[in-house]
Amino acid sequence: MIFTVAIDGPAAAGKGTISKAVAAQFGFAHLDTGLLYRAVGAKVLAGVDPVAAAQALDPHDLEDDSLRTPAVAQAASEIAVIAEVRSALVAFQRNFATRDGGAVLDGRDIGTVICPDASVKLFVTASAERRAERRFNELAAKGMKIAYDQVLTDVKTRDARDRNRAEAPLVAADDAVEIDTSDMTIEQAIDAAIEAVRSGLGAQ
Ligand code: DC
């Protein structure tokens, strides 16, 4: 069975948690596509050319814990504007999306560019302040010393770059179900996503 769930939205809106929960609920495979851009960003910080890094990306590169740092997130957002970087990563994502047994992919352009025919599309958002608060708490829990204001500035900078770039900008697909998690608990957000996927499965 091919069944693709596309989950897009800005940084720290809850896409990752929702995607994992949806994948676990329905037994689908999950790909966090942000990791592809982070892995390229990390190589660029180490001095590699961005296009060469994207073309040589190995799935094992995605398993590195250091990809979760704010510096790598900003580098990822910077290299994500380069058309050749994005096109080098398309085939991997489309192959993953059409694997047998169902797949959940989360990112910025899954429902619009990578999988425009996805079975279910969700667009997960929240206010910049709520997202910064959540990201700040996550980083603090990992022992990272960073000020809330800095996290909020980073979130806004990344939003502006992701939304305004020419190539595959962050935008909701016309047929996406929007979930604004600003005033939801994570359980409520997961329930809303599961409900949308269940009705998509029912419609098959
Ligand atoms: O989802 P994330 O925060 O791990 O993503 C890091 C950066 O990667 C994000 O700021 C923009 C880029 N990205 C992208 O351009 N397209 C995607 N499908 C996923 C991420």
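Note that the coordinates shown come from a computational prediction; the quantities given were computed from them, not determined experimentally.

Engineer: Honestly, the pattern of salt bridges in this entry has me stumped. Any pointers?
Structural biologist: Any two side chains of opposite charge can pair, so long as their charged atoms come close to each other. Tallied over the entire structure, the rule returns twelve salt bridges. In this structure, Asp109 engages Arg86 in a salt bridge whose closest nitrogen and oxygen atoms are separated by 2.9 Å. Within this pair, whereas Asp109 is found in the loop between β3 (103–107) and α7 (110–114), its partner Arg86 is found in helix α5 (residues 83–88), the two being separated by 23 residues in sequence. Between Arg131 and Asp159 there is a salt bridge, with its nearest N and O atoms 2.6 Å apart. Here Arg131 is found in helix α8 (residues 128–141), whereas its partner Asp159 is found in helix α9 (residues 148–164), with 28 residues between them in sequence.

Engineer: Mind showing me how you'd approach the site of the ligand here?
Structural biologist: Around the ligand lies a shell of 14 residues, among which Arg38, Arg86, Arg108, Arg158 and Arg165 are the nearest. Between the ligand and Arg158, the relevant distance is 2.8 Å, taken from an oxygen atom to a side-chain nitrogen or oxygen of the residue. Computed on the free molecule, the ligand has an accessible area of 440 Å², of which 97% lies beneath the protein chains in the complex. Judged by its atoms lying within 2 Å of the grid points, the ligand is housed in the largest pocket. Going through the elements one at a time, α2 (34–45), α4 (70–79) and α9 are the ones with two or more residues in the shell around the ligand. Here the residues of the shell around the ligand sort into three nonpolar, four polar and seven charged.

Engineer: What's the story with empty space enclosed by the protein in this structure? I'm lost.
Structural biologist: Empty space among the atoms becomes apparent when a probe as large as a water molecule is rolled across them. A full pass over the atoms with the stated rule returns one cavity of 30 Å³ or more. Taken as a whole, the largest cavity spans an internal volume of roughly 30 Å³. Around the largest cavity, the lining residues are Asp8, Gly111, Thr112, Lys121, Leu122, Phe123, Val171, Ala172, Ala173 and Ala176. Its residues assigned to classes, the lining of the largest cavity comprises six nonpolar, two polar and two charged.

Engineer: Sorry, what's going on with helix α10 (residues 186–202) here?
Structural biologist: Owing to its 3.6 residues per turn, the α-helix brings residues three or four apart onto one side. The end-to-end C-alpha distance of α10 is 24 Å, a good match for the 24 Å that 17 residues give at a rise of 1.5 Å each. Listed in full, the buried residues belonging to α10 are Ala189, Ile190, Ala193, Ile194, Ala196, Val197 and Gly200. In an axial view of α10, the angular spread of the buried residues amounts to 160°, which keeps them on one side of the axis. Every exposed residue of α10 that faces more than 90 degrees away from the buried side is listed here: Glu187, Asp191 and Gly202. Considering only its buried residues, α10 is in contact with β1 (4–8), α1 (15–26), β4 (120–125) and β5 (177–180).

Engineer: I'm lost on the packing of α2 against α4 in this one. Help?
Structural biologist: Any two packed helices are characterised by the angle at which their axes cross and by the distance between the axes. Put simply, α2 and α4 touch, their axes get as near as 7 Å, and they point 100° apart. Taken together, the axes of α2 and α4 are roughly perpendicular relative to one another. Packed against α2, whose contacting residues are Tyr37, Arg38, Val40, Gly41, Ala42, Val44 and Leu45, the element α4 presents Ala71, Val72, Ala73, Ala75, Ala76 and Ile79 at the interface. Its residues assigned to classes, the contact of α2 with α4 shows eleven nonpolar, one polar and one charged.

Definitions and limits used
Residues numbered from 1 in each chain as written. Predicted model: local features only at pLDDT ≥ 70, side-chain atom pairs only at ≥ 80, totals over all residues. Heavy atoms only, no water. Salt bridge = Lys/Arg side-chain N within 4 Å of Asp/Glu carboxyl O. Helix = DSSP H or I, 4+ residues; strand = E, 2+ residues; numbered from the N terminus. Near = heavy atom within 4 Å. Polar contact = N/O pair within 3.5 Å; in protein donor to acceptor, adjacent residues only side chain to side chain. Areas by Shrake-Rupley, 256 points an atom, 1.4 Å probe, with all protein chains shown as cover. 1 Å grid on protein atoms, 1.4 Å probe; cavity = no way out; pocket = protein on both sides within 12 Å on 5 of 7 lines; lining within 4 Å. Sits in = over half its atoms within 2 Å of the grid points. Nonpolar A, V, L, I, M, F, W, Y, C, P; charged D, E, K, R; others polar. Points joined across faces, edges and corners; volume = space filled by probe spheres on them. Expected span 1.5 Å × (residues − 1). Buried < 20%, exposed > 50% of the residue type's maximum accessible area, 1.4 Å probe, protein only. Arc of directions from axis to C-beta. Contact = heavy atoms within 4.5 Å. Axes fitted to C-alpha atoms, helices over the stretch in contact; angles between N-to-C directions. Parallel < 35°, antiparallel > 145°, perpendicular 65-115°, else oblique.

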